[in-house]
Amino acid sequence: MSIQVRNVRKTFGDFVALDDVSVEIPSGSLTALLGPSGGGKSTLLRVVAGLEQPDSGLVEIEGREATRLPAQERGVGFVFQHYAAFKHLSVYRNVAFGLEIRKRPKAEIKKRVTELLELVHLENFADRYPSQLSGGQRQRMALARALAVEPAVLLLDEPFGALDAQVRKELRVWLRNLHDQVHVTTVFVTHDQEEAMEVADSIVVMANGRVEQIGSPDDLYDQPANDFVMSFLGPVTQLAGRLVRPHDLELFTTPDVDTVPAEVQRVTRLGFEVKVDLRIDGRDAWAQVTRGTAEQFGLEAGRTVHVRRAPDRIALPVRSA
Amino acid sequence: MVKVGLRVTVLAYLTMLLVLPVAVVLWHTFHSGVGPVLRALGTPAAAHAFQITAVVTFYAVLANTLFGVLAAILLVRYRFPGKRVLNALIDLPLAVSPVIVGLALVLVYGRTTGTGKALAQLGVSIIFSIPGMVLATVFVCIPLVVRAVAPVLEEIGDEQEQAASTLGAGSWQTFRRITLPAIRGALAYGVVLALARSLGEYGAIAVVSGRLVGRTQTVTLFVQERYQNFDQQAAYAAATVLVATAVIALLISRLLRPKELAR
Amino acid sequence: MPDTHTVSGAGVTLVEATPAPGVPPVPGAAETSRGRRRRSAPTGRPLVSHGRRAPAIGLGIVVLYLSLVVLIPLAAVVWRSGEGGASGFWHAVTRPEASSSLKLTIGASLLVAVVNLVMGTAIAWLLVRDRLPGGAVLDTLIDLPFALPTIVAGLALLTVYGVKSPVGLNLAYARTGVVVALLFVTLPFVVRTVQPVLLELDRDMEEAAASLGANPTVVFLRIILPNIMPAMAAGTALAFARAMSEFGSTVLISGNLPFKTQVASVHIFNQLESDNVGGAAAVATVLLLVSMLVLVALDLLQRWAGRRG
């Protein structure tokens, strides 16, 4: 295990940020900490980095007990949401910072920094200052800076949070590729389930200071441990008192086994997909069908259809809410 | 109509209160040429006064710069009991009359007090000598560096410092390589303010120095003493030097004023 | 979330710009309004780490420094003023010379505060809203009284408004002269507290009021004035405190005539010169008390303004 967090608790005044959290992160993996704002994921990351001290519990990094170790002795790379670029230093000096602190020979620093700048495609920006870079470039610089000291683990706190949608998507793919090249154990925090599913090998879902579930993206989507994870990871609707995925609903023109009648309220085409708002037994629900299905059924507002959950698909009882 | 009236009133007020007096000092200084001015400033008494002012200012600004940076970092970056009180205390010197500053120091460090006697046994004298004048100047300047640096420390946040620590920098390295460069401008601004204030201090210095001509006389004391002894040329010449210093300090501080504070 | 990472709790935009050389910022003005935003960061953790305890050695140095230079000496003043008991203190401050200097100081300071309230606001208005040619020069000039040594200010005023006044206005050795000196040294306070607030004032508000039918006078009285009022009050209080404690600029122009032009600071100085330390300490304690009251009032004003938005 590269990172072990055991029974960590952290409070800020009355606010419980981490409530008895235990997580294991295997070496070489790319893990997402996913959850809503205020759920404790950033705090967990900062506890691992040594930027916050847990009230109780243990942190191990690469088999070494690190709970009370100051940040500068942990050998972690940390990338901040707002880059934390050293504004008075050039891109080159930013990336060289950790190596200069470690008093590496000049020639070695130059070689390593040049390699890294190539890796993050900033080789032509070495002499620029952070203020002369775009947000995406700054974040790549921050990444190179964190990687320069060859950290045992790389921690990224909402790394794409401050970027606009387009750059964000590009950097996601790029981070995935980068990890495939350098294989350093990587943990990143995000509140965007799509980002987590696209980039990570494994996802830790957190809410209210607790771990809700840990697993691969597919596991979490198909086998959610509870209704929170299910609704956070993808779209949900209700059928017969159970939480189901809208694309797991089967529509029929005539009653069939286990179907219930539903009145079509509205049909919305979203490109290839069609969203069908339904009224079932006095409750609102919706189904997601393909355009072909919608046309085949001739779906339109006012029609009555018959609905059931596709066999073997996930359905969770709805908690009284 | 309102606008014109406002303009005329304000400009007249500022002319009468600010521009005219300063202009007349300059005119008085130079109305018989530059020669007498230079002669007046070249006398041993004048030269000595400038020297005393330089020495006192140097130590007072040095002490307050170190204190100011330390206090600002503590107030902005750390938590500790009594923080509010400390914060209020730092501004207190601004509300205290310079004469009271002098009186207060005399009461504690004067030659007839217990502290003063004990220090005298060690061969240290504070009141009526340079250390007391440094103390008085330190007192009146205490808030300047802290209040210049603290908002900028707040503004830059501590992410850069955290980033440096994750990259292996210890606290001194983080301060020297990250924090200090980031507050450089604000620090210089605070130092210029403290310099200007130190050079111009009069009341507190007048009390603690004993105004010993040729020994503890600073430039401001020199101006007053020369004027009252009817050596107007010397008084105006030294005053003009102080005006020039003030204007230079003002212009430099304008340039240095941290962007977050400038409008 | 614990309120520990800002300098103090009252983060008010009132005097957000520590504006000028030597401007005493209103207590607690070191933190910007940003401090408030940070505290309410929605992520469940503060953007500024607040968990760190201050290192004991640093805190020790700061406390020791403040104690040796400021606290112990000021405490000695108050202690010394009480040496003769309550009656001794009362006797010292009600001696005719002492009480007349205190009355003059308080009266002149109140007058100076009121003039500053009006003129300072007018100057700030002119600097912000009137595109006056040479406005930048004027803006710099405002800070001159902070940068200029007080004794030089006094000399300059005596030269223009003294016995040999080139403009034919002799205010030397008169109370008017004292007031003019105090006006000089307090000039920047109201300007520099009101100016940033005026600059940040949302013009949309005024346009909205005008679109609802308000004429310029109504807009000023009902929209602008309420918004800059806290800053005006803060600046005026600071000017008052400064006037109460002023010494250097009044020395030359006042002539130090007891019962006529002698302000409290000069009175303290004279008592010290004639070895009446107890008398000096008593009057000094009164001045310190007034300063404290003003500072506390300012702090309350800030909190009130901060709560209001």
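As the structure is a prediction and not an experimental result, all values here were calculated from the model.

With that settled, consider the overall build of chain B. Helix and strand counts for chain B come out as 12 helices and zero strands. Scanning chain B from its N terminus toward the C terminus, one meets helices and strands in the order α-α-α-α-α-α-α-α-α-α-α-α. Dimensions of chain B, computed from C-alpha atoms along their principal axes, come out at roughly 70 × 65 × 35 Å. Expressed as a percentage of the 263 residues in chain B, the buried residues total 58%. Considering only intrachain contacts with a sequence separation of at least 6, the fraction spanning at least 24 residues in chain B is 73%. Put simply, chain B shows about 10,100 Å² of open surface, and 69% of that area lies on carbon and sulfur atoms.

Turning our eyes to something else, we now look at the overall build of chain A. Scanning chain A for helices and strands turns up nine helices and 18 strands. Projected onto the principal axes, the alpha-carbon positions of chain A cover approximately 80 × 45 × 30 Å. By residue count, 52% of the 321 residues in chain A fall in the buried class. Across chain A, every contact between residues at least 6 apart in sequence was considered, and the portion connecting residues at least 24 apart equals 62%. When the 39 basic and 44 acidic side-chain charges of chain A are each reduced to a single mean position, those positions are 6 Å apart.

With that settled, the discussion passes to the interface of chain B and chain A. Across the boundary between the two partners, chain B contributes 16 residues, which contact 22 residues of chain A. Between chain B and chain A, a total of about 1,800 Å² is buried, with carbon and sulfur atoms accounting for 59% of that surface. Contact with chain A buries area across many residues of chain B, yet B:Thr166, B:Leu167 and B:Arg177 alone supply 38% of it, more than any other trio. Across the chain B-chain A interface, the total number found is one salt bridge.

For the rest of this paragraph, the subject is the pattern of salt bridges. Residue and element names in this part refer to chain A. One pass over the full model with this rule turns up 40 salt bridges over all chains. Notably, a salt bridge pairs Arg308 with Asp256, separated by 3.6 Å at the nearest N-O pair. You can see Arg308 sitting in strand β17 (residues 304-309) and its partner Asp256 sitting in the loop between β13 (249-252) and β14 (260-270), a full 52 residues away along the chain. Look at Arg308 and you get buried, because its relative accessible area is 18%. The residue Asp284 makes a salt bridge to Arg279 at a minimum N-O spacing of 2.8 Å.

Below, the discussion takes up the side chain of B:Ser198. Of note, B:Ser198 is situated in helix α9 (residues 171-200). If we ignore the near neighbours within four places in the chain, the residues touching B:Ser198 are B:Thr57, B:Ala60, B:Val61, B:Thr137 and B:Cys141.

Before going further, it helps to spend a moment on the packing of helix α4 (residues 96-129) of chain C against helix α10 (residues 216-245) of chain C. All names here are of chain C. Where α4 contacts α10, the two axes come as close as 8 Å, and the packing angle between them is 135°. Classified by the angle their axes make, α4 and α10 are oblique. Crossing of α4 against α10: the hand is right-handed. Facing α4, whose interface residues are Thr105, Ile106, Ser109, Leu110, Val112, Ala113, Asn116, Leu117, Thr121, Trp125 and Arg129, α10 presents Phe220, Ile224, Ile228, Met232, Thr236, Ala239, Phe240, Ala243 and Met244.

What follows deals with the nonpolar core. With 183 residues, the main nonpolar core has B:Leu14, B:Leu103, B:Ile142, C:Leu66, C:Leu74, C:Ile123 and C:Ile268 as its most contacted residues. A total of 17 residues in this core trace back to one element, the largest contributor, which is helix α7 (residues 130-156) of chain B. When residues no more than four places from it in sequence are discounted, the contact partners of B:Ile142 are B:Asn64, B:Phe67, B:Ile90, B:Pro93, C:Tyr65, C:Leu66, C:Val69 and C:Val70. Counting residues in hydrophobic clusters, the runner-up holds 46 residues, among them A:Ala85, A:Leu117, A:Ala142 and A:Val199.

Our focus in this paragraph is the sheet that holds strand β12 (residues 242-244) of chain A. Residues and elements named next belong to chain A. Across the sheet, three strands lie side by side as β11-β12-β18; this open sheet has antiparallel pairing. The strands lining the two open edges of the sheet, one partner per strand, are β11 (237-239) and β18 (315-317). Ignoring strand direction, the axes of neighbouring strands in this sheet form an average angle of 40°.

The geometry of an aromatic ring pair comes down to the distance between the two centres and the angle between the two planes. Taken as a whole and assessed by the stated rule, the structure comprises 10 aromatic pairs over all chains. Judged by centre distance (5.7 Å) and plane angle (80°), the rings of C:Trp125 and C:Phe220 are edge-to-face. Of this pair, C:Trp125 sits in helix α4 while C:Phe220 is found in helix α10, placing the two residues 95 residues apart along the sequence. Taking the relative accessible area as the measure of exposure, C:Trp125 reaches 23% and is therefore partly exposed. For C:Phe220, a relative accessible area of 28% corresponds to the partly exposed category. Their ring planes at 40° and their centres at 5.2 Å tell us that C:Phe247 and C:Phe269 sit as a pair that is tilted. With a gap of 22 residues between them, C:Phe247 in the loop between α10 and α11 (248-254) and C:Phe269 in helix α12 (residues 264-273) connect regions that are remote in the sequence. Taken individually, C:Phe247 and C:Phe269 each receive the classification buried, so the pair is uniform in this respect. Among the aromatic residues, those joined into a ring-pair cluster are B:Tyr202, C:Phe247 and C:Phe269.

The partner chain C presents 112 residues to the 92 residues of chain B that form the contact. For the pair chain B and chain C, the summed buried surface comes to about 9,100 Å²; carbon and sulfur atoms form 73% of the total. Across the salt bridge formed by C:Asp143 and B:Arg254, the nearest N and O atoms sit 3.7 Å from each other. One can count 11 residue pairs in polar contact (both at pLDDT 80 or more) joining chain B with chain C. If you tally residues by element for the side of chain B that touches chain C, the top one is helix α1 (residues 2-30) of chain B, at 18 residues. Split by residue class, the side of chain B that touches chain C holds 64 nonpolar, 13 polar and 15 charged.

Moving on, we get to the sheet that holds strand β16 (residues 283-290) of chain A. All names here are of chain A. As summarised here, the arrangement of the five strands in space is β13-β17-β14-β15-β16, forming an open sheet in which the pairing is antiparallel. For this open sheet the edge positions go to β13 and β16, each flanked by a neighbour on one side alone. Here the average twist between neighbouring strands, direction ignored, is 45°. In the sheet, β14 pairs with β17 via four bridges, with the strands oriented antiparallel. The residue bridging Glu263 from the neighbouring strand is Thr304, located in β17.

Criteria and thresholds
Residues numbered from 1 in each chain as written. Chains lettered and ligands numbered in written order. Predicted model: local features only at pLDDT ≥ 70, side-chain atom pairs only at ≥ 80, totals over all residues. Heavy atoms only, no water. Helix = DSSP H or I, 4+ residues; strand = E, 2+ residues; numbered from the N terminus. Buried < 20%, exposed > 50% of the residue type's maximum accessible area, 1.4 Å probe, protein only. Contact = heavy atoms within 4.5 Å. Areas by Shrake-Rupley, 256 points an atom, 1.4 Å probe, with all protein chains shown as cover. Lys, Arg positive; Asp, Glu negative; His and termini not counted. Charge placed at Lys NZ, Arg CZ, Asp CG, Glu CD. Buried area = accessible area lost by both parts, 1.4 Å probe. Salt bridge = Lys/Arg side-chain N within 4 Å of Asp/Glu carboxyl O. Axes fitted to C-alpha atoms, helices over the stretch in contact; angles between N-to-C directions. Parallel < 35°, antiparallel > 145°, perpendicular 65-115°, else oblique. Left-handed = near helix turned anticlockwise from the far one by under 90°. Core = buried A, V, L, I, M, F, W, Y, C linked by side-chain atoms within 4.5 Å. Pairing = 2+ DSSP bridges. Phe/Tyr/Trp six-rings, centres within 6.5 Å; stacked < 30°, edge-to-face > 60°. Polar contact = N/O pair within 3.5 Å; in protein donor to acceptor, adjacent residues only side chain to side chain. Nonpolar A, V, L, I, M, F, W, Y, C, P; charged D, E, K, R; others polar.

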